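Inside the fold
So you can see what is in the structure, the chains are spelled out below.
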Amino acid sequence: MKKDLLGIGDLTRDEIYLILDTAEAMREIGQRPIKKVPTLRGKTVVNLFYEPSTRTRTSFEIAEKRLSADTLNIAVAASSVLKGETLADTAMNIEAMAPDVIVIRHASSGACHLLSRICKSRVINAGDGMHEHPTQALLDAFTIREHKKRIDGLKVTIVGDLLHSRVLRSNVLLLTELGADVCVCGPSTLVPIGIERFGVRVSTNVDEAVRDADVIMMLRIQQERMHGAFFPSVREYFNTFGMTPARVARAKPDVIIMHPGPMNRGVEISSEVADGPYSVILEQVANGVSVRMAVLYLLAGGVEGD
Amino acid sequence: MPVVLDAVRIGRTLTRIAHEILERHVTPGGPGDMVQLAFVGIRTRGVPIAKRIASAIREINGQEIPTGALDITLYRDDLMRHAVGPQPVIRRTEIPFSIDDKRILLVDDVLYTGRTIRAALDALIDFGRPKAIQLIVLVDRGHRELPIKADYVGKNLPTSLSQSVQVHLTEIDGRDDVEIQDA
């Protein structure tokens, strides 16, 4: 493994499989009466979150605690960022206190790369702007593999706000690397230019895109990142792209429905689908802890080329 | 490489250990005592050895003893000491029964420094509170670094520190033997 996990692009195919297999073993720890192993005893992990997050932050924190690391959460609202400190200065100050791992989420794409250059600590990207969210893609792949026993050759359809989604970018890189047939679908105003160069098919017709899909992955409409009118109304978006039982019926009979959360019910997904029999949304959350334990464990080893 | 145990002797040794277990556990409290037993094999080669002893006992008196598998990697005391090279691969721990109040028979292939057993004891305690833990090893090669002793030993094998002992089992290596190798 490299020093840091900044994006799926940092990983070889073998490393992706190593993380998924390690996560498989980590899962068992969560089923024990004592959900803790001494592996990262004495290591300090700083969770530096510049953006609101419930799932990812909690998931990382539980993963760190199950491995016995000492964890420290820095939430922006209560930190010196409000007093005008730059990210680089914050990073150097945290680095001066010698943590072993820094988990960072930031609204700017590439913030984790800046941190990675400054810090000797291992850096894990927990979401940088519209760029990548590698642990989300890994837990998605873990969930898919658990249900389908493979990823190679599966038809995966990703529907929603493609433009603003770091989950999309990480998933496209990972799923195409592992040989899935990926189709992305959304309104043309929300399709990133050049996305087809990543080896995916692009569709603006959701009824066509979900046909015979093994996996349907929904993406949230990220209104907080939208500075303009990308579609006429939420209601029209739901009618045109929202995941409904009728649309799910066009996919394979054993399709699974995924969503990275948080969900906007009635915007990108109907409640019948979100809570329905095909939904694996809560399994994704559960698997997130195992996958993050695997990443923390594997990153704590030696660095390539040392 | 000199073979110190061949397939026939490994088979005979494990059958003998099965008899020893019965001898020690059946008499005092009557047959009821056997109900308390459970095997936990240490990955990798402790697992097939545990299964073979369990099936030997089944052949002798028809008793089914539950068998689990333990991966001790996350409990190793040398894990984070050298930040070079990749992390050791973790395999799955599978103990599909409660170990509370059971007599656990911990199984490994080679007993050497004792550090693996130390890690295994820590790991087991995280699963519950067994009534007792006993240790079964196929080979004891000496050179202990911790105060640990096996209760059932297949073969005591005096070695020098420069030698290495390789256990091969059909389930994993396609053949049964124990070899001793000079560095």
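Residues numbered from 1 in each chain as written. Chains lettered and ligands numbered in written order. Predicted model: local features only at pLDDT ≥ 70, side-chain atom pairs only at ≥ 80, totals over all residues.

Here's the deal with the overall build of chain B
Along chain B, the regular secondary structure elements total four helices and eight strands. Order of helices (α) and strands (β) in chain B, N terminus to C terminus: β-α-β-α-β-β-α-β-β-β-α-β. Since a compact globule built from 183 residues should have a radius of gyration of about 16 Å, the 16 Å found for chain B is in line with a globular shape. Principal-axis analysis of the C-alpha atoms gives chain B an extent of 50 × 35 × 30 Å. (Helix = DSSP H or I, 4+ residues; strand = E, 2+ residues; numbered from the N terminus. Rg over C-alpha atoms; globule rule 2.2 N^0.38 Å.)

What to know about the sheet that holds strand β9 (residues 256-258) of chain A
Working definition: the strands of a sheet are paired by backbone hydrogen bonds and lie parallel or antiparallel to each other. Residues and elements named next belong to chain A. Spatially, the five strands line up as an open sheet ordered β7-β6-β5-β8-β9, and their pairing is parallel. Of all the strands in the sheet, just β7 (201-203) and β9 have a single pairing partner and so form its edges. Taken pair by pair, the neighbouring strands of this sheet meet at an average axis angle of 20 degrees, ignoring direction. Here strand β5 (residues 155-159) pairs with strand β6 (residues 181-185) via five bridges, running parallel. Residue pairing in the sheet places Ile158 in a bridge with Val184 of β6. (Pairing = 2+ DSSP bridges. Axes fitted to C-alpha atoms, helices over the stretch in contact; angles between N-to-C directions.)

Focus: the domain arrangement of chain A
Residues and elements named next belong to chain A. When the domains of chain A are assigned, the result is domain 1 (8-133 + 287-299) and domain 2 (134-285). Inter-centroid distance (C-alpha atoms) of domain 1 to domain 2 is 25 Å. Opposite the 22 residues of domain 1 that make contact, domain 2 presents 23 residues. For the side of domain 1 that touches domain 2, the per-class residue count stands at nine nonpolar, eight polar and five charged. (Domains from an automatic or database assignment. Contact = placed C-beta atoms within 7 Å. Nonpolar A, V, L, I, M, F, W, Y, C, P; charged D, E, K, R; others polar.)

With respect to the pairing of strand β3 (residues 67-70) of chain B
All names here are of chain B. Bridge analysis of strand β2 (residues 37-42) against β3 gives four bridges, and the strand direction is parallel. By the bridge assignment for β3, Gly41 is matched with Ala69. A crossover connection joins β2 to the parallel β3 through helix α2 (residues 46-61); in handedness this β-α-β unit is right-handed. (Right-handed = clockwise from strand over helix to strand, strands pointing away.)

With respect to the nonpolar core
Residue and element names in this part refer to chain A. Ile102, Val159, Ile216 and Leu296 are the most contacted members of the largest nonpolar core, which totals 137 residues. Tallying contributions element by element places helix α11 (residues 281-299) first for this core, with nine residues. Taken together, domain 1 (8-133 + 287-299) and domain 2 (134-285) each give at least three residues to this core, which thus spans both. Apart from the residues within four sequence positions on either side, Val159 is in contact with Cys185, Gly186, Val206, Ala209, Ile216, Met218, Leu219, Phe241 and Met243. (Core = buried A, V, L, I, M, F, W, Y, C linked by C-beta atoms within 7 Å. Buried ≥ 20, exposed ≤ 12 C-beta atoms within 10 Å, placed from the backbone.)

Observations regarding the pairing of β5 of chain A
Every regular strand shows the same layout, with side chains that alternate between the two sheet faces. All names here are of chain A. Here β5 lies mainly inside the structure; five of its five residues are buried. At this point the chain moves from β5, through helix α6 (residues 166-177), to the parallel β6, and the crossover so formed is right-handed. Inspection of the sheet shows β5 paired to strand β8 (residues 215-218) by four bridges, in the parallel sense. Following the sheet pairing, Ile158 is matched in β8 by Met217.

Details of the interface of chain B and chain A
Counting residues at the interface gives 17 residues for chain B and 17 residues for chain A. Tallied by class, the residues present in the side of chain B that touches chain A amount to nine nonpolar, four polar and four charged.

Regarding unusual backbone geometry
Omega for the bond connecting Gly261 of chain A with Pro262 of chain A falls within 30 degrees of zero, at -10 degrees, which places this linkage in the cis form. One can find Pro262 of chain A in the loop between β9 and α10 (271-274). Here the residue pair Arg43 of chain B and Thr44 of chain B is connected by a cis peptide bond, since its omega of 10 degrees sits within 30 degrees of zero. Within the fold, Thr44 of chain B resides in the loop between β2 and α2. With phi around 55 degrees, Ala98 of chain A is a residue other than glycine that occupies positive phi space. Looking at the element boundaries, Ala98 of chain A is found in the loop between α3 (87-96) and β3 (101-106). A residue is classified by how many C-beta atoms lie within 10 Å of it, and Ala98 of chain A, with 9 of them, is exposed. At His143 of chain B, a position not held by glycine, the phi torsion is positive, near 65 degrees.

Digging into α2 of chain B
Residue and element names in this part refer to chain B. Across its 16 residues, α2 extends 23 Å between first and last C-alpha, which sits within 8% of the 22 Å expected from 1.5 Å per residue. Considering only its buried residues, α2 is in contact with α1 (7-26), β2, β3, β4 (103-111) and β5 (132-140). Gly62 occupies a position one or two residues after α2 and carries a positive phi of about 75 degrees. (Expected span 1.5 Å × (residues − 1).)

Topic: the environment of Met1 of chain B
Residue and element names in this part refer to chain B. Mapped onto the secondary structure, Met1 falls in the segment before β1 (3-5). Looking at Met1, the number of C-beta atoms within 10 Å reads 10, which means it is exposed. Distance in space between the C-alpha atoms of Met1 and Ile60 is 35 Å, their sequence separation being 59 residues. If we ignore the near neighbours within four places in the chain, the residues touching Met1 are Glu179 and Gln181.

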